[in-house]
Structure formats: structure tokens, C-alpha cells
Amino acid sequence: MIDPASQADKNRTGHLVLLLLLFFLICFGLGYPTLKRYDPRAPGNNSDSADYYAMVTGGIQQSNFRSYRVLVPYSARPLYRLVEGHVGQWDPVFFSLLIINSIFTAAAALLLVSIGHRVTNDYGTSLLGAMIYLLNFAVANFQLAGLVDSGEAFFMIAVTWTLMARRWPLLPLLAIPGAMAKETFVPFSVVFAVVWLITNSRTERALTRAGWIVAMGVAGAATIVAVQSSVTGHLVYPWQLEVAGASLDDYLVRLVGCFRRHEFWHVFGWLLPLGVWRLRTLPREWVIASLTTAVAALLLGASISAEGNVARAMFDVAGPILSLSVAMLIGRTSDPRVNAAV
């Protein structure tokens, strides 16, 4: 006799695999222009891509802060060696980067479906939220364009899922690959988790949960030290960490400049005004943690003269909740079942 529970688990697993494959194919299609239509490294596009391209081929000569974002380029490297000379007119490096970025982005969308279903109890709305997320300007032009943003975006959503499922001991484990994806994941995830803990109405085991947040920060910082030491070939102490930086002169000018960049408006021009309407019906912890961390990303971006990159970081943090909120608005999900046990 077939165990109904076992059969249900198999059906659910099969459905998740099918959904992940669907998201992957959508992502591959969105990122296809990097294979033939244009070169992301070309002047006027994104110069960061040139460094990640070189990291895949092993040809980078001088380390900089981008050379420490090893997760995506190093994951693409063995695939590049396997497909080189076998993908026709497609660029084998960008093909490899697109495969890895598509995997991370598809997995992020799948986690968003899981989170959305948990807080709305509506599968259609959660699926629509994931589709809105994938169709944002940031996904095609940043996460799937020969860059490494897909890694940070995935691990930020993974942190949300972990906190919502109350699996706090997983936080330090997420910090290691998250820090390898992009060093900014460490401060963003710590701010996100701290604000989540502070705003959570359930105060039991608060000290234990705070301990897991500290462990996440320590694990992330240790990973950054280890990666930079490995890349440079000598021990790098925490106070010697290399990050993108700039003086604080004209800080307010740069802060205003973040809102004047076309990237910001392409990402948030419709996502923000449509997304705010249903935020009040979503878990308070998630809303406040997302918005606070997005503001932190904005302030950090202005401080390091990264006005053009602010929208990327803010989307990694707040894109999921705003996408789900838009789905609730246009899908007329007016009375979601907010999980009070978050």
C-alpha cells in the first residue's frame, strides 16, 4: 500500500523541482542578450563585469574589492572549462556566468514563493510575486548580466526564509557563502536580523537568537578575511580589509545623486509606489527589517560614491517584499493569513 503522506511528499518535491526548472529557464531567457546581443564589459555598460569575466578565466592580474567576490565567478569557472569551444557563437564565459546566476536567481524566486505562501496562504499570489520579482529591471540588467548580485540576492532571501521559519542556527551557515558572494551581504544581513529580532513581538529566547546573529556576523567577517588572505597570498587582518571607499566630502550631494540615477527609477519607479499599499498586511518584522536595511544600503552607497549601484543593493534587500506586496495588490489579496508565529 502506498503511504499517502509519502506520496504527497514526492508530489511536492516534484512540483518544487518543476518550478525551479521553470524559473531557471525564464532567467536564462532574460539573460540571453549577454551571450550574443551585447558585451556587458563594453564602455557604457557595467565595467564590473570585466573583472568577473577575468576571474572566470583565471586572468585577473591585480586584486581589488571585486576580486574577493568569488562565489559566482569561481562557480562558473569549471563550467567555462567544460563548455569552452562547444557553445558555438555564444561567449563561453558569459554562458557559464549566466548558468550560475540563473541558478541563484531561480532559487531566490522559489524561496519567495515559499515565503509568500506562508504569509498569504495563497499560492497564486505567491507565484505572481515571484514572477514580478523576476521581471524587475534589476534581475535582467544586474543579476543576469555577468555580475554577482544574484548571489547576494539569494542569500538575503534565504535569511528572510530562515528567520520566518525560526531556524536561527542556520544564520552562521548562510553567512559563509553569502560573504563569498559579496562582502556587503555581511552588514546587510546583520542589520536585517537585528531589526527583525527587535521588532518581533515574541521575545522568548531573545538572547539565544541574538547569539546566532553575532555568530553570523563573526562567520561572515571571518570568511571575508579568509577570502582576501587567499586572494592576496598573505594574511589580511580585519583592520586591513579592502573595501570600496571614498571620502565623506559632498556626502549629501552623492546621497541626492542616488535618486537621480536612471537605475534607481527603472528598479523602483513602479515597484515602490505599487508595493507600499499592502505592506501593512505583511509581517511587521519583515517590513521593518527590509526597509531599514534598504535605507542602510542607500546610506552606504552614497558614502562610497556608488550612486549607480545603490538600486542593485536596495533591490537585493527590499525587492522580494515589495514584489510580493505588488502581487497582493493586483491579485486582490486583501485579507492574507499573516503568520503570527514568525
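Quick summary incoming for the structure in this document. For clarity, every value in this text was computed on a predicted model and none was experimentally measured. (Residues numbered from 1 in each chain as written. Predicted model: local features only at pLDDT ≥ 70, side-chain atom pairs only at ≥ 80, totals over all residues. Heavy atoms only, no water.)

This part is about the side chain of S96. Take S96: it is sitting in helix α5 (residues 92-120). One polar contact links the side chain of S96 to the main-chain carbonyl oxygen of P92, over a distance of 2.8 Å. Beyond its immediate sequence surroundings of up to four residues, S96 is in contact with A76, L79, Y80 and V83. (Helix = DSSP H or I, 4+ residues; strand = E, 2+ residues; numbered from the N terminus. Polar contact = N/O pair within 3.5 Å; in protein donor to acceptor, adjacent residues only side chain to side chain. Contact = heavy atoms within 4.5 Å.)

Secondary-structure assignment places L82 in helix α4 (residues 71-83). For L82, a relative accessible area of 62% corresponds to the exposed category. Along the backbone, L82 and S96 are 14 residues apart, and their C-alpha atoms lie at a distance of 9.4 Å. (Buried < 20%, exposed > 50% of the residue type's maximum accessible area, 1.4 Å probe, protein only.)

Moving on to the pattern of salt bridges. By the definition in use, this model includes eight salt bridges. Of the charged contacts, one joins R66 and D48 as a salt bridge, the two residues approaching to 3.2 Å between their closest N and O atoms. Within this pair, whereas R66 is found in the loop between α3 (48-57) and α4, its partner D48 is found in helix α3, the two being separated by 18 residues in sequence. Exposure class is identical for R66 and D48. Each is buried. Note that D149 and K182 form a salt bridge whose closest N and O atoms lie 3.2 Å from each other. Within this pair, whereas D149 is found in helix α8 (residues 149-164), its partner K182 is found in the loop between α9 (171-181) and α10 (185-199), the two being separated by 33 residues in sequence. A relative accessible area of 8% means that K182 is categorised as buried. Several salt bridges converge on common partners, so that one network encompasses D48, D51, R66, D149, K182 and R312. (Salt bridge = Lys/Arg side-chain N within 4 Å of Asp/Glu carboxyl O.)

The backbone of N121 sits at a positive phi, close to 60°, despite the residue not being glycine. Counting through the fold element by element, N121 comes out in the loop between α5 and α6 (123-134). Although it is not a glycine, R166 sits at a positive phi angle of roughly 60°. Along the polypeptide, R166 turns up in the loop between α8 and α9.

Bringing the environment of L235 into the picture now. You can see L235 is positioned in the loop between α11 (206-232) and α12 (251-260). The spatial distance from the C-alpha of L235 to the C-alpha of V225 is 8.1 Å, given a sequence separation of ten residues.

Moving on to the packing of α8 against helix α16 (residues 310-330). Two elements in contact, α8 and α16, have axes separated by 9 Å at closest approach and are oriented at 30°. Here α8 lies roughly parallel to α16, going by the angle between them. By crossing handedness, the relation of α8 to α16 is classed as right-handed. Contacts between α8 and α16 involve D149, E152, A153, M156 and I157 on the former and, on the latter, R312, D316, V317 and P320. (Axes fitted to C-alpha atoms, helices over the stretch in contact; angles between N-to-C directions. Parallel < 35°, antiparallel > 145°, perpendicular 65-115°, else oblique. Left-handed = near helix turned anticlockwise from the far one by under 90°.)

The topology assignment puts A215 in helix α11. C-alpha of A215 to C-alpha of L173: the two residues are 42 residues apart in sequence and 9.3 Å apart in space.

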